[in-house]
Amino acid sequence: MTGAEGAGTSKFDGLNKAIVELVGDFSLVGFETLAVEDKRSMMSLLRAVDRAGGYAFGSAEGANDTVWQVAMREGGVVMDVKDVQERWIDRREEFDELERKEWEEEAKARPPAEDTPAA
């Protein structure tokens, strides 16, 4: 920035500083880890988005609890950057094999689909 912008003489300096302090003091901004190839990572992100948007607070369970009590009960960060590092970089082949075996077990446990004629 140059000139007046760099000197901090904007008429919004006080407002900007107050907003930055508010966001910092109350942890209003957070970051989540996302590995788009990983279903658990996607579900963790969806839960975080639901909490942030208030969707997680719509149930009748714990109706007498405050919004903050419900938010904390719903759980915090489930997946960390280290989890993504381990799953997708450090031990990818090993986890791919475990995941493939889980899918095979799920397929064996699932009842066979009935053949229904197409309409």
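Conventions used here
Residues numbered from 1 in each chain as written. Predicted model: local features only at pLDDT ≥ 70, side-chain atom pairs only at ≥ 80, totals over all residues. Heavy atoms only, no water. 1 Å grid on protein atoms, 1.4 Å probe; cavity = no way out; pocket = protein on both sides within 12 Å on 5 of 7 lines; lining within 4 Å. Points joined across faces, edges and corners; volume = space filled by probe spheres on them. Helix = DSSP H or I, 4+ residues; strand = E, 2+ residues; numbered from the N terminus. Nonpolar A, V, L, I, M, F, W, Y, C, P; charged D, E, K, R; others polar. Salt bridge = Lys/Arg side-chain N within 4 Å of Asp/Glu carboxyl O. Buried < 20%, exposed > 50% of the residue type's maximum accessible area, 1.4 Å probe, protein only.

Peer 1: Tell me about the layout of surface pockets, and name the residues and values.
Peer 2: When its volume is computed, the second largest pocket comes out at roughly 260 Å³. Lining the second largest pocket are E37, D38, K39, R40, R87, F95, L98, E99, E102, W103 and E106. Broken down by secondary-structure element, the contributors of at least two residues to the lining of the second largest pocket are α3 (39-53) and α6 (92-109). For the lining of the second largest pocket, the element with the most residues is α6, which contributes six residues. Residues belonging to the lining of the second largest pocket are distributed by class as follows: three nonpolar, no polar and eight charged.

Peer 1: Give a description of the pattern of salt bridges that names residues and reports values.
Peer 2: Under the definition given, this model contains four salt bridges. The closest approach of N and O atoms between R91 and E94, which form a salt bridge, is 2.6 Å. Exposure remark for E94: the relative accessible area of 41% places this residue in the partly exposed category. Between E97 and R100 there is a salt bridge, and its shortest N-O distance comes to 2.3 Å. Of this pair, E97 and R100 both sit in helix α6, three residues apart, which is roughly one turn of the helix. According to the relative accessible area criterion, R100 is partly exposed, its value standing at 35%. Bridged by salt links that share partners, the residues E97, R100 and E104 form one connected network.

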